[in-house]
Structure formats: C-alpha cells, structure tokens
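Close look at the chain arrangement
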Amino acid sequence: MTASPTRIAIIGAGASGVMTALQLVHQRTTGNAETRHNLAVHLLDRQPRPGAGVAYSSGLDCHILNMRTRSMSLYEHDPGHFTRWLREQPEAAQITGHLEEHYPPRHIYGRYLRHCLGEAVREAAQHHITVDFQQCDVTDVVSEGDSLRLTADQPLPRFDHAVLCLGDLPATAYRQFATHPRYAPTPWDPGFYPSIGPADAVGVLGTSLTAVDTLLALQAAGHSGPVYAFARTRGLPKVQPRTLRPHSLKHLTPEHLNHLTRHGPLDLADTAALFRRELDDALGDDGWPSPAQNPRSDAAADLAHDIRQAEGDGAHWYEVLDATSPLAPDIWQRMSYRAKAEFLHHYSSLWATYRHPMPLVNAHLVAQHLSSGQLRVLTGITGVTAASDGTFDIRRTAPGGDVTHRVDRLINTTGTATDPWLIDSPLLTTLLHRGILTTHPLGGIDVHPHTLRTRDRNGDLHPRIHFLGPLTNGVHFYTNSIETNLTNATHLANSLTSGSP
Ligand SMILES: Cc1cc2nc3c(=O)[nH]c(=O)nc-3n(C[C@H](O)[C@H](O)[C@H](O)COP(=O)(O)OP(=O)(O)OC[C@H]3O[C@@H](n4cnc5c(N)ncnc54)[C@H](O)[C@@H]3O)c2cc1C
C-alpha cells in the first residue's frame with residue numbers, strides 16, 4: 001500500500017515560492033531512499049502564473065535585473081545555469097558584449113523561473129512527486145490536529161506543512177491617498193501610466209532603485225514633463241562598476257569572525273572596522289568614497305562622480321561588498337542585538353544606497369534626465385497633502401527654508417512596509433492577531449534563522465508553518481536578493497525533507 005503523500009502548501013509563488021518548490025524537488029530526488037517518495041507540493045498564488053511576483057512581473061524591457069546574469073542562477077551548484085539558458089533565448093541575439101555581464105529585462109527572469117519550475121515538475125513526476133500550481137487568495141491557516149486547514153477563495157486539501165512566501169507586500173505609507181485617482185500606491189500598476197499627461201508634473205516618493213524604475217516607466221510611456229523624486233535623507237543609489245572583478249577577502253573571513261566572536265557577539269565598531277580594513281586594503285587611501293568625509297548635496301554632481309568611478313580601471317568598492325555577500329548572513333547572526341539595532345537605526349538607509357547600486361546603463365539614463373533638468377532629486381521631505389484641485393503639495397526643508405512643490409501625479413516607490421502589523425494582507429493580519437505569527441523586534445516576521453519555522457507569540461517554533469522572503473528581514477537582515485532567498489529556501493527545504501527541528 002502506498003502511503004499518502006506529505007502535502008506542502010507554498011503560499012505565494014513569486015521567486016521565493018518557486019525556489020522553495022525547486023529545492024524540495026531537488027532534495028527529494030537526490031536524497032536517500034527513505035525520503036524519496038510521496039511528496040505533494042502545491043504552489044498557491046493570487047496571480048495567474050508562478051514566478052512573476054512583484055519583481056519579475058513588469059513587462060517593460062527597461063525594467064532590468066539589478067544583478068548581472070552570472071549571479072542569478074537558481075542552482076547554487078551550477079552558477080552558469082541562467083547564462084546558458086539565456087543564451088538559448090531569442091533575445092540573446094540582440095545582446096552585445098558578454099552575456100554573463102548583461103542585465104536582462106526582469107520579465108525574462110520570470111520566464112526563467114517558470115522554465116526551471118517546469119523542469120522540476122517533469123523531474124518530480126519520475127520520482128512520484130507532484131508539483132501543482134493553483135490560482136487562489138489564501139486568507140487563513142489553522143492548525144487542526146496533525147494537519148493545517150487553509151482558507152481561500154476556493155477549496156483546498158488539508159496540508160502537513162505551509163510555507164508562507166508572501167513577498168514584497170505594498171507599502172503602507174501615504175495610505176490616506178489610497179483612493180485618490182491621481183495617486184499610485186505602487187509603481188508596478190501598468191494601468192496608471194497611460195493616465196498621466198505627457199507634460200504633467202510627477203512626484204515620486206522615494207529615490208531608490210524602484211524610483212529609477214519609475215522614471216524609466218514614465219519615459220517608456222512618453223512622459224516628458226518634470227519629475228521630482230523626494231526622500232528624507234537618502235540620495236540616488238550608487239553605481240555598479242562596468243566590470244566586476246573577483247575580490248578575495250583578507251579581513252572579513254570566517255577565521256577572523258570566529259576569533260572576534262570567541263568571547264561574545266560582534267559590536268558595531270568591530271564589524272565596521274573589519275569592513276574598513278577590507279576596503280582600505282583593496283582600494284588604498286583614496287579609493288573609498290566615505291560619505292561622511294565627502295558630503296555632497298548635488299544629485300547630478302554625485303552621480304557624475306559615481307559614473308566616472310564605475311567606468312574607471314581601478315579597484316571598486318562594490319567588488320568588496322559583492323565578495324562579502326555570502327558572509328553577510330553569518331556576520332548578521334554574530335552581531336549583538338544592540339549592534340544590529342544601532343546599525344538599522346543609523347546606517348541602513350546609507351547601506352542600501354551602496355548595497356543596491358544601479359547598473360551603469362541606468363545611471364547614464366538617470367544622468368541624462370538630471371542634466372536636462374527633467375528630473376530633480378530632493379531631500380528633506382516633511383509631508384504631503386492633497387490640494388482641492390486634485391494636485392498634491394509636497395513640503396520639504398531646504399537650506400534656504402521650507403519649500404512646497406506642487407505635482408499633478410504622485411507615485412509611491414517607498415517599497416514594502418517593515419512593520420507587518422501595518423501591511424494590507426488579511427492572511428498576515430489574521431495570523432498576527434491569533435499569535436500564530438509574531439513580529440521580530442528588528443523588523444518583519446520572527447522565524448528560526450535556519451529552519452525558517454515561524455515563532456508564535458510565546459516564542460515557540462511552529463512545527464508546520466514556515467516563512468521565507470523579504471519579510472524575514474529582522475532575522476536575516478538582507479532578504480532582497482535571489483542569492484539570499486535561495487540560500488534560505490535551501491535551508492527550509494532541507495529542514496522540511498529531513499524533518500529536523
Ligand atoms: C522591483 C524589484 C526588482 C528586483 N530585482 C532583483 C534583481 O535583479 N536581482 C535579485 O537578486 N533580486 C532582485 N529583487 C529582490 C528579490 O528577487 C525579490 O525580493 C524576490 O523576488 C522576492 O520574491 P518573493 O517570492 O519573496 O516575493 P514576491 O515576488 O513579492 O512574491 C510574493 C507572491 O505572493 C503572492 N501572495 C501574497 N500573499 C498571498 C496570499 N495571501 N494568497 C496568495 N498569494 C499571495 C503574491 O501574489 C506574489 O506573487 C528585486 C525586488 C524587487 C521588488
């Protein structure tokens with residue numbers, strides 16, 4: 001008699017959900033004989049197709065990956081996989097230069113995710129594993145005896161485990177404008193752009209990579225009016241170097257970290273000193289553009305400087321940061337709570353401008369918009385009000401005193417809210433209210449760092465519910481890349497298939 005399969009529901013079929021399914025199949029099909037059979041994986045998403053999520057659903061060619069092709073493989077053991085797949089795609093013929101250094105449109109990456117899922121489904125079938133996709137909106141997960149009951153807008157079977165991959169949920173800032181016809185709560189609604197007049201003044205709330213994507217979407221829609229990008233303190237993202245050479249870490253090594261943490265966790269000064277030494281060693285005294293030593297307030301001049309540096313032949317700071325990527329989760333786990341809190345409070349915004357720099361090709365486009373005067377990047381935002389004629393007034397403090405800018409349209413690019421209680425997700429809110437999920441004091445949802453089992457309000461790990469993706473930022477710190485979410489999906493699948501606590 002065949003035992004009934006272990007049923008796993010993956011709620012959310014964006015990149016994290018797909019990577020979890022891939023890892024479950026991979027670990028089952030390559031695992032030992034006892035764990036090979038009887039697995040049923042159900043990917044559930046309110047969107048009609050898997051692999052799109054927020055990041056890979058834009059259909060615009062100008063919305064490119066912010067990482068090079070070579071670092072976007074879905075298989076840790078085969079880093080060239082995405083590059084080889086891309087070479088076979090019709091779009092490859094149009095790509096000049098080295099394919100592995102290219103930043104393809106993100107919708108192509110969504111197609112890659114679906115391709116890999118399709119391969120996994122076929123592979124799984126040969127091992128008596130099923131992987132299904134079902135379009136539905138899940139609103140509750142209830143533990144009943146030995147199983148989980150999910151509430152959705154259509155019937156679902158009972159599950160043994162649920163993995164919540166809810167992803168980048170909409171920002172909650174400025175929700176007072178939610179129903180305003182000239183306001184877009186996110187920049188990812190393609191229906192909003194045709195409603196913008198070509199000469200309208202557009203206000204963009206935020207100056208991150210998402211703000212850059214918004215500028216490009218406006219350009220693609222034929223908009224030629226002024227664009228104001230507003231932030232409190234943060235300027236534009238930095239710029240990635242034209243070529244990314246490998247850097248071997250000398251100071252930020254596991255051995256040094258072990259040595260430093262032999263008597264206790266890392267404090268912020270220790271951590272900063274390690275980074276500093278690594279950067280000084282790689283770049284020499286002049287190479288590190290310390291923002292504290294060299295403050296500038298002119299976005300165009302800043303960007304021109306960053307572009308020159310990105311196009312130069314010398315070593316680049318991003319090479320060092322990129323090399324630290326695999327170690328970043330370990331460094332975060334070794335820092336004291338106080339160091340983490342201090343870092344998030346004082347430096348996370350600055351860190352983001354360096355850790356998420358824009359590809360050089362986008363930097364040139366932004367520079368053109370700045371030099372033509374079409375784009376202005378303005379810091380010191382203090383508030384936004386809707387005027388009676390349907391426009392918006394944005395107030396900010398400037399060196400000469402307070403100023404107000406009037407815009408015809410407003411687009412929110414401030415990204416995911418970090419306080420889960422404020423996120424507009426019935427599923428999340430219900431589970432938080434019942435204490436099944438709890439927030440992490442440093443942001444997001446509290447989970448075990450390795451198994452990704454959720455913690456309830458009493459601090460106990462749930463035996464059947466896991467959480468993966470951007471909202472585990474307080475525990476994992478860096479949760480906004482394929483690389484980190486893939487590592488976490490691997491740990492999670494390992495814990496699920498091995499049954500480790
Ligand atoms: C614009 C953007 C560009 C990025 N570019 C890159 C890049 O170039 N390189 C890189 O490494 N990383 C990039 N990232 C970061 C990273 O790849 C993403 O954060 C990652 O894709 C997150 O995937 P996810 O599946 O966790 O979330 P999401 O992509 O947000 O997917 C979550 C899914 O869950 C579904 N969902 C949520 N709630 C429910 C529910 N209750 N019921 C049913 N379905 C539900 C949603 O419909 C959605 O499809 C980017 C992120 C963004 C936002």
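Residues numbered from 1 in each chain as written. Predicted model: local features only at pLDDT ≥ 70, side-chain atom pairs only at ≥ 80, totals over all residues.

Focus: the overall build of the protein
- Of regular secondary structure, the protein possesses 14 helices and 16 strands.
- Along the longest, intermediate and shortest principal axes, the C-alpha atoms of the protein span 80 × 55 × 50 Å.
- Across the 501 residues that make up the protein, the buried fraction comes to 39%.
- Pairs at least 24 residues apart make up 75% of the contacts formed inside the protein by residues separated by at least 6 positions. (Helix = DSSP H or I, 4+ residues; strand = E, 2+ residues; numbered from the N terminus. Buried ≥ 20, exposed ≤ 12 C-beta atoms within 10 Å, placed from the backbone. Contact = placed C-beta atoms within 7 Å.)

Description of the site of the ligand
- Neighbouring the ligand are 33 residues, the closest being G12, G14, G53, G167 and G469.
- Elements that contribute at least two residues to the shell around the ligand include exactly α1 (15-30), β2 (39-45) and α14 (482-498).
- Here the residues of the shell around the ligand sort into 14 nonpolar, 14 polar and five charged. (Near = placed C-beta within 6 Å. Nonpolar A, V, L, I, M, F, W, Y, C, P; charged D, E, K, R; others polar.)

As for the pairing of strand β6 (residues 161-164)
- Side chains H161 and V163 project from β6 onto one buried face, and the interleaved A162 and L164 project onto a second face that is buried too.
- In this sheet, strand β16 (residues 461-467) lies alongside β6 in parallel orientation, the contact comprising three bridges. Bridge assignment links A162 to a residue of β16, and that residue is I465. (Pairing = 2+ DSSP bridges.)

Topic: the environment of L274
- Inspection of the secondary structure assignment puts L274 in helix α6 (residues 268-287).
- In this structure the C-alpha to C-alpha distance between L274 and C62, which are 212 residues apart in sequence, comes to 37 Å.
- Not counting residues up to four positions away in its chain, the partners in contact with L274 are H251, L252 and H256.

A word on helix α4 (residues 209-220)
- Here α4 is 12 residues long and its end C-alpha atoms lie 17 Å apart, about the 16 Å a rise of 1.5 Å per residue gives.
- Burial within α4 is extensive, with 10 of its 12 residues counted as buried.
- Those residues of α4 that sit buried are L209, T210, A211, V212, D213, T214, L215, L216, A217 and L218.
- Those residues of α4 that are buried lie in contact with β8 (202-205), β9 (227-231), α11 (360-372), β10 (375-379) and β14 (409-412). (Expected span 1.5 Å × (residues − 1).)

Some words on the nonpolar core
- Core analysis: the largest hydrophobic core is formed by 64 residues, its most contacted members being I10, I11, A21, L22 and A162.
- Per-domain counts for this core show at least three residues from each of domain 1 (6-56 + 106-169 + 418-498) and domain 2 (65-104).
- If we skip the residues at most four places from it in the chain, A21 touches I10, V41, L43, L117, A120 and V131.
- Counting 37 residues, the second-largest nonpolar core is a separate cluster that includes V227, L236, L370 and F392. (Core = buried A, V, L, I, M, F, W, Y, C linked by C-beta atoms within 7 Å. Domains from an automatic or database assignment.)

Some points on the sheet that holds strand β13 (residues 401-407)
- Taken in spatial order, the three strands line up as β11-β12-β13 in an open sheet, and their pairing is antiparallel. Each of the sheet's edge strands pairs with one partner strand only, and the pair in question is β11 (381-386) and β13. Here the strands of the sheet are splayed against their neighbours by 20 degrees on average, with no regard to which way each runs.
- Of the pairings in the sheet, the one linking strand β12 (residues 392-398) to β13 comprises seven bridges and is antiparallel in character. (Axes fitted to C-alpha atoms, helices over the stretch in contact; angles between N-to-C directions.)

Remarks on unusual backbone geometry
- Despite not being glycine, H128 has its phi angle at roughly 60 degrees, a positive value.
- Along the polypeptide, H128 turns up in the loop between α3 (106-125) and β3 (129-135).
- What makes H128 partly exposed here is the crowd of 14 C-beta atoms within 10 Å.
- Phi at F477 is positive, roughly 65 degrees, even though this residue is not glycine.

Considering the sheet that holds β10
- Read from one edge of the open sheet, five strands run β7-β14-β8-β9-β10, paired in parallel fashion. Pairing within the sheet leaves two strands with one partner each, and these edge strands are β7 (183-184) and β10.
- Alignment of β9 against β10, held across five bridges, turns out to be parallel. The partner of Y228 across the bridge, within β10, is R376.

Considering the domain arrangement of the protein
- According to the domain assignment, the protein consists of domain 1 (6-56 + 106-169 + 418-498), domain 2 (65-104), domain 3 (175-237 + 359-412) and domain 4 (254-355).
- On a C-alpha basis, the centroid separation for the pair domain 1 and domain 2 is 26 Å.
- On the side of domain 2, 10 residues touch domain 1, which itself brings 12 residues to the contact.
- For the side of domain 1 that touches domain 2, the element with the highest residue contribution is α3, accounting for six residues.
- Among the residues forming the side of domain 1 that touches domain 2, the class breakdown is eight nonpolar, two polar and two charged.

A look at the packing of α1 against α3
- Following both chains from N to C, one finds α1 and α3 inclined at 30 degrees, their axes separated by 10 Å at the closest point. In terms of axis orientation, α1 runs roughly parallel to α3. In this structure, α1 crosses over α3, and the sense of that crossing is left-handed. Note on element contacts: α3 touches α1 through L113, C116, L117, A120, E123 and A124, opposite A15, V18, A21, L22, V25 and T29.
- Along the lines of polarity and charge, the residues of the contact of α1 with α3 split into 10 nonpolar, one polar and one charged. (Parallel < 35°, antiparallel > 145°, perpendicular 65-115°, else oblique. Left-handed = near helix turned anticlockwise from the far one by under 90°.)

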